[in-house]
Structures are given as structure tokens and as C-alpha cells.
Amino acid sequence: MLCLVVLSTWANAGGTMLLYLAALQGVPSHLYEAAEIDGAGLWRRLWHITLPQIRGVMLILLVLQIIGTMQLFTEPFVMTDGGPANATLSVVMLLYRYGFRFYNFGAAAALGLLLFFVLVAFSILYLWLTRRVSQSQ
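Residues numbered from 1 in each chain as written. Predicted model: local features only at pLDDT ≥ 70, side-chain atom pairs only at ≥ 80, totals over all residues. Heavy atoms only, no water.

(A) Spotlight on the nonpolar core. Counting residues in each nonpolar core, the largest one holds seven residues, listed as Ile60, Val63, Ile67, Leu115, Leu119, Leu129 and Val133. Among all residues touching Val63, those that are not within four sequence positions of it are Phe122, Leu125, Tyr126 and Leu129. Counting residues in hydrophobic clusters, the runner-up holds six residues, among them Ala23, Val27, Ala35 and Ile49. (Core = buried A, V, L, I, M, F, W, Y, C linked by side-chain atoms within 4.5 Å. Buried < 20%, exposed > 50% of the residue type's maximum accessible area, 1.4 Å probe, protein only. Contact = heavy atoms within 4.5 Å.)

(B) Quick peek at the layout of surface pockets. Space inside the largest pocket adds up to approximately 470 Å³. Looking at the largest pocket, it is lined by 21 residues, and the ones nearest its centre are Ser8, Asn12, Gly68, Thr69 and Leu72. Sorting the residues of the lining of the largest pocket by element identifies α1 (2-25), α4 (55-70) and α5 (74-79) as the ones contributing at least two each. Element by element, the count of residues in the lining of the largest pocket is highest for α1, at eight residues. Here the residues of the lining of the largest pocket sort into 10 nonpolar, 10 polar and one charged. Quantified by volume, the second largest pocket comes out at close to 340 Å³. Along its surface, the second largest pocket is lined by 18 residues, and Gln53, Gly56, Val133, Ser136 and Gln137 are the ones closest to its centre. Going through the elements one at a time, α3 (42-53), α4 and α7 (105-136) are the ones with two or more residues in the lining of the second largest pocket. When residues of the lining of the second largest pocket are assigned to their parent elements, the largest contribution, six residues, is made by α7. Per-class residue counts for the lining of the second largest pocket are nine nonpolar, seven polar and two charged. (1 Å grid on protein atoms, 1.4 Å probe; cavity = no way out; pocket = protein on both sides within 12 Å on 5 of 7 lines; lining within 4 Å. Points joined across faces, edges and corners; volume = space filled by probe spheres on them. Helix = DSSP H or I, 4+ residues; strand = E, 2+ residues; numbered from the N terminus. Nonpolar A, V, L, I, M, F, W, Y, C, P; charged D, E, K, R; others polar.)

Structure representation (C-alpha cells):
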């Protein structure tokens, strides 16, 4: 499981870091200057300026990562095929097993429909957060 987490994190790190960098560049520099004049240290500037300014982007990226994690199939399929005692079995792998290994297409369709509704809920949350963040700026 640790290898799958490291692989997925490494595979998605580039795009995530690019979005974090864009968010950090959007923080006004005059806030940091004012905090330095007031005597704020590095941690205080991080906690009171940086994190509140990029909170919206952090929430959006969290929802996107959750959506991406729910769709994980290739990495566990190639590396462990569900792993020892189904330890690395993802929802999409379970759907694949029901449909193409056990030929239980009804269960696979039901699981696919459940996954669809969960992903729709997270997508609605993502759209709501995106709209809220764009309106606040």
C-alpha cells in the first residue's frame, strides 16, 4: 500500500505543485511587507497570510484529489492486482472484478452507479467551491 501511495503522489505532484505555485504567486506581496514591518516571523506570516490567502485553492485541490483517488485503477491493477488479502483493492478494481472476473454484471453496474453518484456529489462540491472562490476574489 505504501508503494501505491508513493507512486500516486509522485504521479500527481507536478500538476498539484503547479496549481499551488500559481496560488502562491497570487498572494499580494504588500501583505508580507506589512507583516515584516510589524515584526511577524516566518511561521506567523505563513499561518496568518499565506494559508488564508490560498485556502480556496487548497479546498479545490483536496476535492480534486479525492475524486482522483476514487478513480484509481491502473496503479493497483499493475502493481498488486488488489494486493495481499485485498489490501490494495480500489473501488474501480472491485467494479472490474465483479464485471470481468466474476461475470456478475448486475453487481458491477450497481457499484458503478454508486460510484457515479458519489463522484457527482464531489463534482458538485468542486463546482460550488470553485464558484465561491472565484466570487471572493
